[in-house]
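Chains, contacts and geometry: an overview
Residue strings, one per chain:
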Amino acid sequence: MVLSIVIAAVAAYLLGNLNGAVVVSRIVAHEDVRTKGSGNAGLTNFTRNYGAHTSVFVILIDVGKAVAACLIGGLLLKGYGHYADGVALGGLFVILGHDFPALLGFKGGKGILSGVTVALMLDWRIGLFVFGIFLLAYALTKYVSLGSVLSSGAFGPIYAVVHWGEGWFPIVVGFVLSALIVWMHRGNIVRLVKGEERKTNLLGKGKKQ
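Residues numbered from 1 in each chain as written. Predicted model: local features only at pLDDT ≥ 70, side-chain atom pairs only at ≥ 80, totals over all residues. Heavy atoms only, no water.

Notes on helix 2 (residues 20-29)
Within helix 2, burial applies to G20, A21, V22, V24 and S25. Buried positions along helix 2 lie against helix 3 (43-50) and helix 4 (52-78). Note on helix 2: the residue one or two positions beyond its end, H30, has a positive phi of about 55°. (Buried < 20%, exposed > 50% of the residue type's maximum accessible area, 1.4 Å probe, protein only. Helix = DSSP H or I, 4+ residues; strand = E, 2+ residues; numbered from the N terminus. Contact = heavy atoms within 4.5 Å.)

Structure below.
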């Protein structure tokens, strides 16, 4: 079982290093998205600089790698009766790989897109609920960061309430992921408080002031 845990964690972390924004920006523009705009390797910065028409490929990569990591973890630990723990393990390490990618100089994204996918893999009902929080916050304010912070911050507590007593590891992972993604947005939170955060049009290229 220990070997399966190690394989699941390493595989998920390496998948996390496959950053959609970096890969697609190099293919479509022959440059690194991290040299543009905010310097972040995430969907928001990608869309601001390259437009929504190619961002779908970023979404496919970041969602796909999270699904793959969770499935690998779940299947490797399923034989030991720990499928949910395996999904949580894969989810945790794919986000760590996305946020802190060793193959990309530890300069990654903030993990919200992959994080929502992990939430869906752990419990699709809760995943849809927190995604709804993101969509509502974004629709009302056009602040991607606000939607990201509210949705990710809500996931851990909600998951714990719904699944309390069913196993401690996924609950711990839920809180860790919530805290990690909120922490990765700490700069955005400061700018939101100061009224300096940029709004984003996710359906097209360019920024809203």
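Continuing now.
Some thoughts on unusual backbone geometry
Within the chain, H30 stands out as a residue other than glycine whose phi angle is a positive 55°. Topologically, H30 is positioned in the loop between helix 2 and helix 3. In this structure H30 comes out as exposed when scored by relative accessible area, which is 71%. The backbone of F106 sits at a positive phi, close to 60°, despite the residue not being glycine. Position of F106 relative to the elements: it lies in the loop between helix 5 (83-99) and helix 6 (112-122).

Regarding the environment of W168
One can find W168 in helix 9 (residues 168-184). Overall, the relative accessible area of 63% leaves W168 in the exposed class. In the structure, W168 is positioned 83 residues away from D85 in sequence and 8.8 Å away in space, judged by C-alpha atoms.

Section: the layout of surface pockets
Sizing a probe to match a water molecule and rolling it over the atoms shows the empty space that remains. Looking at the largest pocket, its volume works out to about 820 Å³. Forming the walls of the largest pocket are 39 residues, and the residues nearest its centre are L43, T44, I112, F134 and V144. Counting only elements with at least two residues in the lining of the largest pocket, the list comes to helix 3, helix 4, helix 6, helix 7 (124-141), helix 8 (144-163) and helix 10 (186-194). Ranked by residue count, the leading element in the lining of the largest pocket is helix 6, at 6 residues. (1 Å grid on protein atoms, 1.4 Å probe; cavity = no way out; pocket = protein on both sides within 12 Å on 5 of 7 lines; lining within 4 Å. Points joined across faces, edges and corners; volume = space filled by probe spheres on them.)

What to know about the pattern of salt bridges
Side chains that carry opposite charge are capable of pairing whenever their charged atoms lie near each other. Enumeration according to the criterion identifies 6 salt bridges in this entry. A salt bridge links R26 to D32; the nearest nitrogen and oxygen atoms lie 3.2 Å apart. Between R34 and D32 there is a salt bridge, with the nearest N and O atoms lying 2.7 Å from each other. For the residue pair R34 and D32, the accessibility class agrees, reading buried in each case. Several salt bridges converge on common partners, so that one network encompasses R26, D32 and R34. (Salt bridge = Lys/Arg side-chain N within 4 Å of Asp/Glu carboxyl O.)

Regarding helix 1 (residues 2-16)
Here helix 1 spans 21 Å end to end across 15 residues, near enough to the 21 Å set by a 1.5 Å rise per residue. Taken together, the buried positions of helix 1 are occupied by S4, A8, A9, A12, Y13 and G16. Buried residues of helix 1 fall within an arc of 160° about the axis and therefore sit on the same side. The inward-facing, buried residues of helix 1 abut helix 4 and helix 5. (Expected span 1.5 Å × (residues − 1). Arc of directions from axis to C-beta.)

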